[in-house]
Amino acid sequence: MAEVSFIEGLLTFWHSYRLPILIAVTSVAIVLRVYQKSQPKSKAVSASSIPPSPRSQSPDKFEKVCASNSEKLVVTEKSVPNSAVGNESAPKVASGPKRVSGKKPLKVAGRGRGSDQGPPVSFIQPIIFFASLTGTTERYAQVLLEDLRAAAKERADPENRDRGLLPPQIHDLSYIDFDDYFTTAPKPPSTSPGTRYVYCLLIPTYNIDTVLNTFLGHLDETHHDFRIDTSSLSTLAGYSVFGFGDKEGWPTEEEGFCSQAKELDRWMAKLTGKKRAYPLGFGDVKNDAESALKEWSRGLQEILLDILNNGGLGEGVPGSGDPLESDEEDLDDEENDGKRSKRRNGQDVVDLEDIKMGSSDGQAGSGPVPVDFTTTGNSVAPSQSTEKEMVPKTSPTYAALTKQGYTIVGSHSGVKICRWTKSALRGRGSCYKFSFYGIRSHLCMEATPSLSCSNKCIFCWRHGTNPVGTTWRWKVDSPDLIFQGVKEGHYKKIKMMRGVPGVRAERFAEAMRIRHCALSLVGEPIFYPHINEFLDMLHNEHISSFLVCNAQHPDQLETLHRVTQLYVSIDASNRESLRKIDRPLHRDFWERFQRCLDILREKRHFQRTVFRLTLVKGFNVDDEVIGYANLVEKALPCLIEIKGVTYCGTSTSAGAGLTMQNVPFYEEIQEFVLALDKELQGRGLDYGIAAEHAHSCCVLLASKRFYVNGKWHSRIDYDRFFELLEKEKADGTPFRPEDYMKETEEWALWGNGGFDPNDERVYRKGKKKALQAPTE
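All of these numbers come straight from a predicted model, not from anything done at the bench.

Cut-offs used in this document
- Residues numbered from 1 in each chain as written.
- Predicted model: local features only at pLDDT ≥ 70, side-chain atom pairs only at ≥ 80, totals over all residues.
- Heavy atoms only, no water.
- pLDDT = per-residue confidence, 0-100.
- Contact = heavy atoms within 4.5 Å.
- Patch = residues over 30% accessible without salt bridge, like charges linked within 9 Å, V, L, I, M, F, W, Y side chains within 5 Å.
- Areas by Shrake-Rupley, 256 points an atom, 1.4 Å probe, with all protein chains shown as cover.
- Salt bridge = Lys/Arg side-chain N within 4 Å of Asp/Glu carboxyl O.
- Helix = DSSP H or I, 4+ residues; strand = E, 2+ residues; numbered from the N terminus.
- Buried < 20%, exposed > 50% of the residue type's maximum accessible area, 1.4 Å probe, protein only.
- Axes fitted to C-alpha atoms, helices over the stretch in contact; angles between N-to-C directions.
- Left-handed = near helix turned anticlockwise from the far one by under 90°.
- Nonpolar A, V, L, I, M, F, W, Y, C, P; charged D, E, K, R; others polar.
- Phe/Tyr/Trp six-rings, centres within 6.5 Å; stacked < 30°, edge-to-face > 60°.
- Lys NZ or Arg CZ within 6 Å of the ring centre and 35° of its normal.

### Remarks on the confidence of the model for the chain
Considering every residue of the chain, the mean pLDDT works out to 78; 75% of them sit at 70 or more. For the stretch residues 41–116, pLDDT sits under 50, and the model shows 83 contacts to residues farther than four places along the chain or on other chains. Across residues 316–331, confidence stays below pLDDT 50; counting only partners more than four residues off in sequence or on other chains, it has 34 contacts.

### Section: a nonpolar patch on the surface
Taken together, the side chains of F13, W14, Y17, I21, L22 and V25 present a nonpolar region at the surface, about 590 Å² in accessible area. With respect to the element layout, V25 can be found in helix α1 (residues 2–38). Residue classification places V25 among the exposed residues on the basis of a relative accessible area of 53%.

### Considering the pattern of salt bridges
For the structure on display, the rule yields 29 salt bridges. Among the ionic pairs, D598 bridges to K634, the shortest N-O distance being 3.2 Å. Of the two residues, D598 is situated in helix α19 (residues 589–603) and K634 in helix α20 (residues 625–635); the sequence distance between them amounts to 36 residues. With a relative accessible area of 34%, D598 lands in the partly exposed category. We note a salt bridge from E738 to R705, for which the minimum N-O separation is 2.7 Å. Residue E738 is found in the loop between α23 (718–731) and β20 (741–742), and its partner R705 is found in the loop between β16 (698–703) and β17 (707–708); the two are separated by 33 residues along the sequence. Several salt bridges share partner residues, and in doing so they unite D179, E221, D225, R227 and R587 into one network.

### Focus: the packing of helix α4 (residues 136–154) against helix α8 (residues 289–310)
Geometrically, a packed helix pair is captured by the angle between its two axes and the distance between the axes. Running from N to C, α4 and α8 cross one another at 35 degrees; their axes reach a closest spacing of 10 Å. Considering only the axes of α4 and α8, their crossing is right-handed. In contact with R139, Y140, V143, L144, D147, L148 and A151 of α4, α8 contributes A289, E290, L293, K294, W296, S297, Q301 and L304. Of the residues assigned to the contact of α4 with α8, the class counts are 9 nonpolar, 2 polar and 4 charged.

### Notes on the packing of aromatic side chains
Under the defined criterion, the tally for this structure stands at 27 aromatic pairs. Judged by centre distance (5.5 Å) and plane angle (85 degrees), the rings of W472 and W474 are edge-to-face. Residue W472 is classed as buried on the basis of its relative accessible area of 2%. W474 gets classed as buried once you look at its relative accessible area, which sits at 2%. For the pair F721 and F722, a centre-to-centre distance of 5.2 Å together with 70 degrees between the ring planes defines the contact as edge-to-face. Among the aromatic side chains, those forming a connected cluster through ring pairs are F129, F178, Y181, F182, Y199 and F215. The positively charged end of R266 is found above the aromatic ring belonging to W267, 4.8 Å away from the centroid. Taking the ring centre of F606 as reference, the NZ or CZ of R562 above it sits at 3.9 Å.

### Details of unusual backbone geometry
Backbone geometry at L636 places phi at a positive 50 degrees, although glycine is not the residue there. Tracing the chain through its elements places L636 in the loop between α20 and β14 (639–644). Overall, L636 belongs to the buried group, its relative accessible area being 19%. The phi dihedral of N709 falls on the positive side, at around 55 degrees, and the residue is not glycine. By secondary structure assignment, the location of N709 is in the loop between β17 and β18 (711–712). N709 sits in the exposed class, given a relative accessible area of 77%.

### Points about the environment of P126
Here P126 is to be found in strand β1 (residues 123–130). For the pair P126 and A237, spaced 111 residues apart in the sequence, the C-alpha separation amounts to 9.6 Å. Setting aside anything within four residues of it in sequence, one finds P126 in contact with L148, L165, L166, P168, Q169, V198, C200 and L304.

Put into structure tokens, the structure is as follows:
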């Protein structure tokens, strides 16, 4: 009873005085907290309070920094833990200016200049990037590769396999996606989070447009993209650039010697946060290039080991890009940014009349501004073209393309005869275009009015030798010059065949009258500003036009005049595959692609529209049938060509990730066609398998619009096409693709192989193989 009474008394007390008790306890806690905060700290100085190294300051700012540090930094006489300041004791309290000793502080892994706060550095992975048109820079890149590989092997510690210099990687800038390496740095593997990357860049300098212009433009765009960190490559351990030039052409740096290497070094300094691991190196290809590269390589190797041992480039390392070495660079940046802001504010706006007059300020001698024909559908090319040529005769691009058999016409066009033209002249068969559309190869001219392209497709036969770009910024040749030039070049090449054994006289005579033109040679024909005028010239001479575009120029596609047959390359069924295969230069490549499909759907009753699917095993074949069916359903093309990729067997293709393993067998193409046909039928889309050409590893699916009276009509009545075209021009009478179709030959139908029985099939591998179409 006593205990119960005691508890009841406590409860009564609590209920009576609980409010004052709570207020008193809270007040005491607040007073204690304020008292603790008011006491001076005697703990170790945090990393953020450590004064910046005097070596990282410019000389004129050195004394000011030291004085301000002495005023701001006040510590007790207790020692500071080593982990906080790199194994050095903290300075004692001093009332005067801070004294600077000449002793260089020791560095700790992961605490060097610009290093992140991640795991300590355990491995350094050098990555070599190079660009080469003539093969010279590629050869020097292999020299550097062997040097770094030997250094990695020599420095390997068998007793410590968790630390070291890794064998280098190497990449050709023509065959990589810039976003993979130069928008953000590669992340270390999960199995080795302490791996850090060092970029070694070897580039030549050209006075023509090459992939280097696109690359440098990408770095510029990345740096100034508000969505991306201005130092998006700051997680790199460092970078270094070596440039190759020709002092005979450009004797000094002011005159352009290694100018593109200097520009690359400047952009990399910005994107990495000035992590220049080793100074910019120069080599004269006519004199001391290899010896200069070797000397630069030795210095670079020392820096790689220094990064490995110290965790970073350190403070004030010569050539590391600290402010002491970068004052001039910073001033240049400020000046350039000022110019850029003025342009954005409209102070350098060019009037449209000035464009027509070829002057931006009313003064004589000013050239016209470049016009972007990829984004302005109704743009008119400037009357006075720029002085710069796309492919000058003295350029390595010109030499490379002519060596491959091209005839360069003017400054940006080309013509070439293909192996099927040679085959048809000898009576050994024509290409798939004869089976599908009735085009005899010896009557066909392959040409392009633009050698430049906005993609870097992995299966391109030109291997980066043709120019690339997203805007037309070159001299524009007239359509008449191109038309006469490509015809002359084609006839010259045909005449060279007259002495080849097996050439038939009647076919040689027929070949001297061009009947068809395939605008699919190289580059992007629709890129040419006067493509419609060029097409009119072809049609005026009753030359049919087969134009192939890459679905990256929707505005030009929308304004394109009538062609005999319009192709759009469909190299992938989804965004990621398209990026890997076509490697487009436009950042909005997928949106451009989709818009082109919409335009194709609108044109399907006006043009013979064709999807061209190039299948690359391991890239765009597996599990993509449904994706391709989605694209067909979106655009509803008249025809769908499905062809296996052709491998040209060069090392550059392998560098792009393409080998013979990526070339599908014809049986695999047939299986894919059957699967796609089944998927289309399941969706209620009226398509069917119309024809094949097994020799070209190619099959044709066609809309049932071309299936009349139980027979396929994929061929073209060319005489009827020109008759309808002339009538349309005369009185505006429109016509449809069905109005000039023609019945497909029996031997070209699905299951019959597609080889013309009037020609002689040559089997190079000995045995004749029966060709049969699989059934479902």
